[in-house]
Amino acid sequence: NETTHFTSIVIGTGYGGAVSALRLGEAGVDTLMLEMGQLWDKPGPDGKVFCKMTKPDGRAMWFKNRTEAPLSSFLWIDAINRPIDYYAGVLDRINYPNMSVYVGRGVGGGSLVNGGMAVTPPMNYFQEILPEVNTHEMYNKYFPRANQKLQVNTIPNTLLENSPYYRFTRVGRQQAEKAGFKTVTVPNIYDYNYMQQEEAGKVHKSAFGKEVIYGNNGGKRSLDKTYLADALGTGKVTLKYLHRVDAITQNSQGLYQIDVSEINTSGATVAKKTFTCKHLFMCAGSVGSTEMLVRARETGKLPSLPSEVGTHWGNNGNVMTARANHMWHPTGTKQSTIPAMGINDWDNASNPVFAEIAPLPTGFETWISLYLAITKNPERGHFEYDATKQQAVLRWGAHQSQPSINSAKAMFDKINKANTTIYRYDLFGNNKAFADDFTYHPLGGCVLGKATDLYGRIKGYSNLYVNDGALVPGNTGVNPFITITAMAERNIEKIIQEDMLK
Ligand code: FAD
């Protein structure tokens with residue numbers, strides 16, 4: 001049982017964790033990063049690090065016997081999900097009653113599995129959700145910093161307008177515009193120079209080779225290639241992966257004590273370890289950080305945590321839907337996995353929606369237009385400790401997804417009407433046209449200014465921080481990682497100045 005002390009420990013290596021570790025390392029603070037997933041740098045038997053969506057194996061999912069993709073069927077047939085080996089794969093689906101949460105597992109967190117859409121929220125909406133945060137500073141300093149460090153780039157016109165791999169996007173755009181909606185090009189962290197080489201047949205096809213939610217083998221500038229590489233480059237940051245934090249508490253000297261299981265890729269514990277630190281950064285994602293903190297409070301390990309920890313959780317109003325196009329509007333046998341456009345109706349006062357025109361890369365023609373809609377759903381969930389499971393569980397009622405459906409329906413009914421098309425009912429189970437029971441964008445649980453002060457310092461304790469998606473109050477109006485990264489930059493700068501350098 002190894003015990004080691006660090007000045008600071010960062011739990012999790014997603015956006016918030018990567019930003020925190022880099023800035024701590026640059027400030028000369030010895031820092032340990034703990035990540036329960038793998039370091040994805042070793043090729044499997046097929047010579048690739050990650051598997052394709054269309055040919056999943058154990059690498060696809062975090063300790064499951066079968067894949068759990070968001071689309072459960074095609075033509076009502078259970079043809080999408082496959083049996084896989086139980087293994088420390090890269091995508092997790094945490095199934096709570098009425099709401100499942102997808103998250104990335106591995107060094108880089110969500111950046112390993114996400115679509116890379118790098119969207120800065122509209123300024124007036126950011127102000128609405130986080131009125132105490134200085135908007136001017138965010139839009140002039142921290143959003144640009146996040147965009148620059150994440151190497152955000154924009155799709156070249158030639159790809160968007162001419163590539164067969166973006167036909168689905170052009171069809172989606174044309175049909176939205178026919179119904180009077182505005183569309184916008186969405187920046188991404190995927191390297192479009194690499195994508196152009198994919199198109200030219202010069203490199204491994206990743207975005208053009210059906211790779212994304214189970215990882216990309218090329219082109220994706222995930223955090224391990226940006227922030228985390230720089231963090232390790234400071235020489236002050238130590239990374240331990242396949243290290244799962246089991247519990248956090250405070251010892252008699254006021255240091256935080258972190259109990260960890262080192263696991264192998266089959267999930268077996270190979271060592272138990274204890275680390276201590278002065279400054280503890282919770283960056284395990286909205287659900288990860290919130291779950292650990294609620295459990296610490298309810299089991300008496302950190303009894304002074306405020307009651308706001310575990311509240312104000314939202315799904316960013318996520319709802320997925322699909323339309324059936326006419327035969328003369330094929331969406332393409334070839335589809336890039338990297339989305340490039342959104343339908344932007346966020347200014348609509350009654351039904352604000354920002355909908356990603358999403359790919360459905362099956363390799364055959366489906367005539368389907370797929371969308372991930374982000375809506376302004378005011379409903380919030382909370383976490384409750386379940387003593388039998390020894391876990392904090394998300395409480396989200398089925399009815400709480402209805403506002404998202406109503407908004408998405410208002411948009412897509414209009415698009416269907418203008419194009420004389422209908423919804424697809426065969427993709428999400430139970431003849432549903434709207435998949436309202438999962439989210440890619442978990443947000444909140446330890447909200448800024450409620451569970452924490454205005455910089456992520458948790459109330460009731462010193463030197464204990466949240467710096468990830470758990471701080472964002474349930475909704476950002478757009479895909480969230482740019483907001484999470486920019487907020488993390490803002491908070492860590494203040495914390496280093498005020499709590500660590502003084
Ligand atoms: P995360 O990135 O979730 O990182 C948390 C890390 O902590 C994980 O690596 C996790 O394994 C680790 N961890 C958790 N618990 C423990 C523990 N007990 N011990 C040790 N480690 C632990 N957002 C966008 O902006 N654009 C997109 O296009 C987009 N597409 C998405 C597509 C998919 C399929 C998914 C799943 C998400 C997508 N997102 C997208 C959302 C985005 O990836 C997340 O909002 C973002 O990753 C959250 O960042 P975070 O720092 O809060 O936490």
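The notes below deal with the structure included here. (Residues numbered from 1 in each chain as written. Predicted model: local features only at pLDDT ≥ 70, side-chain atom pairs only at ≥ 80, totals over all residues. Heavy atoms only, no water.)

1. Section: a nonpolar patch on the surface
Taken together, L75, W76, I77 and Y425 make up a surface patch of nonpolar side chains, about 450 Å² in accessible area. Looking at the element boundaries, I77 is found in the loop between strand 2 (31–35) and strand 3 (91–96). (Patch = residues over 30% accessible without salt bridge, like charges linked within 9 Å, V, L, I, M, F, W, Y side chains within 5 Å. Areas by Shrake-Rupley, 256 points an atom, 1.4 Å probe, with all protein chains shown as cover. Salt bridge = Lys/Arg side-chain N within 4 Å of Asp/Glu carboxyl O. Helix = DSSP H or I, 4+ residues; strand = E, 2+ residues; numbered from the N terminus.)

2. A few points about the packing of helix 1 (residues 15–26) against helix 10 (residues 481–500)
It is at 8 Å that the axes of helix 1 and helix 10 come closest, and there the two elements cross at 35°. For the pair helix 1 and helix 10, the crossing hand works out as right-handed. Contacts from Y15, G16, V19, S20, R23 and L24 in helix 1 reach F481, I484, T485, A488, E489, I492, I496 and M500 in helix 10. For the contact of helix 1 with helix 10, the per-class residue count stands at 9 nonpolar, 3 polar and 2 charged. (Axes fitted to C-alpha atoms, helices over the stretch in contact; angles between N-to-C directions. Left-handed = near helix turned anticlockwise from the far one by under 90°. Contact = heavy atoms within 4.5 Å. Nonpolar A, V, L, I, M, F, W, Y, C, P; charged D, E, K, R; others polar.)

3. A look at the sheet that holds strand 4 (residues 99–104)
The strand order across the open sheet built from 3 strands is 3-4-19, with neighbouring strands paired in mixed fashion. Each having just a single partner strand, strand 3 and strand 19 (438–439) make up the two edges of the open sheet. Two elements, strand 3 and strand 4, share 6 bridges in a ladder whose sense is antiparallel. Looking at strand 4, one finds that D92 is bridged to V103. (Pairing = 2+ DSSP bridges.)

4. Let's talk about the environment of D78
Note on placement: D78 falls in the loop between strand 2 and strand 3. D78 sits 351 residues away from G429 along the chain, and the two C-alpha atoms are 9.2 Å apart. When sequence neighbours within four positions are dropped, the list of residues in contact with D78 reads R66, S72 and S73.

5. Describing the site of the ligand
Taken together, the neighbourhood of the ligand is formed by 35 residues, with E35, G110, M117, G469 and F481 sitting nearest. Between N114 and the ligand, the recorded distance is 3.1 Å, taken from a side-chain N or O atom to an oxygen atom. Within the backbone of M117, an N or O atom sits 2.8 Å from a nitrogen atom of the ligand. For the ligand, the protein covers 95% of the area, taking 1000 Å² as the surface of the free molecule. Of all elements in the fold, only helix 1, strand 2, strand 4, strand 7 (243–250), helix 8 (285–298) and helix 10 reach the threshold of two or more residues within the shell around the ligand. Ranked by the residues each element gives to the shell around the ligand, the list is headed by strand 7, at 3 residues. (Near = heavy atom within 4 Å. Polar contact = N/O pair within 3.5 Å; in protein donor to acceptor, adjacent residues only side chain to side chain.)

6. Here's the deal with the nonpolar core
Within the largest apolar cluster, 92 residues are counted, with the highest numbers of intra-cluster contacts made by I9, I248, I258 and L280. Element by element, the count of residues in this core is highest for helix 10, at 10 residues. Excluding its chain neighbours within four sequence positions, the residues that come into contact with I258 are I9, L34, V245, A247, I248, K273, T274, F275, C277 and L280. In terms of nonpolar packing, the next biggest core, distinct from the first, is built from 32 residues, L159, A176, V353 and I415 among them. (Core = buried A, V, L, I, M, F, W, Y, C linked by side-chain atoms within 4.5 Å. Buried < 20%, exposed > 50% of the residue type's maximum accessible area, 1.4 Å probe, protein only.)

7. A word on helix 8
Over its 14 residues, helix 8 extends 20 Å from the first C-alpha to the last, a length consistent with the 20 Å expected when each residue adds 1.5 Å. Counting buried positions along helix 8 gives 11 out of 14 residues, so the element sits mostly inside the fold. Those residues of helix 8 not exposed but buried are S286, V287, S289, T290, E291, M292, L293, V294, R295, A296 and R297. Two residues or fewer after helix 8 comes G300, characterised by a positive phi angle close to 80°. (Expected span 1.5 Å × (residues − 1).)

8. Description of helix 3 (residues 135–149)
The end-to-end C-alpha distance of helix 3, which contains 15 residues, comes to 20 Å, matching closely the 21 Å that a straight helix rising 1.5 Å per residue would cover. Every buried residue of helix 3 is listed here: T135, M138, Y139, Y142, F143, A146, N147 and K149. With a side-chain oxygen lying 3.0 Å from the backbone nitrogen of H136, the N-terminal cap of helix 3 falls on N134. One or two positions beyond helix 3, positive phi appears at Q151, with a value near 60°.

9. Side note on the packing of aromatic side chains
Centre-to-centre distance and the angle between the planes together describe a pair of aromatic rings. All told, the structure shown has 22 aromatic pairs when counted by the stated rule. Taking the centre distance of 5.1 Å and the plane angle of 70° together, the rings of Y125 and W346 count as edge-to-face. On the criterion of sequence distance, the pair formed by Y125 in helix 2 (residues 123–129) and W346 in the loop between strand 12 (341–345) and strand 13 (353–358) is long-range, its members being 221 residues apart. Residue classification places Y125 among the buried positions, given a relative accessible area of 4%. Overall, the relative accessible area of 9% leaves W346 in the buried class. (Phe/Tyr/Trp six-rings, centres within 6.5 Å; stacked < 30°, edge-to-face > 60°.)

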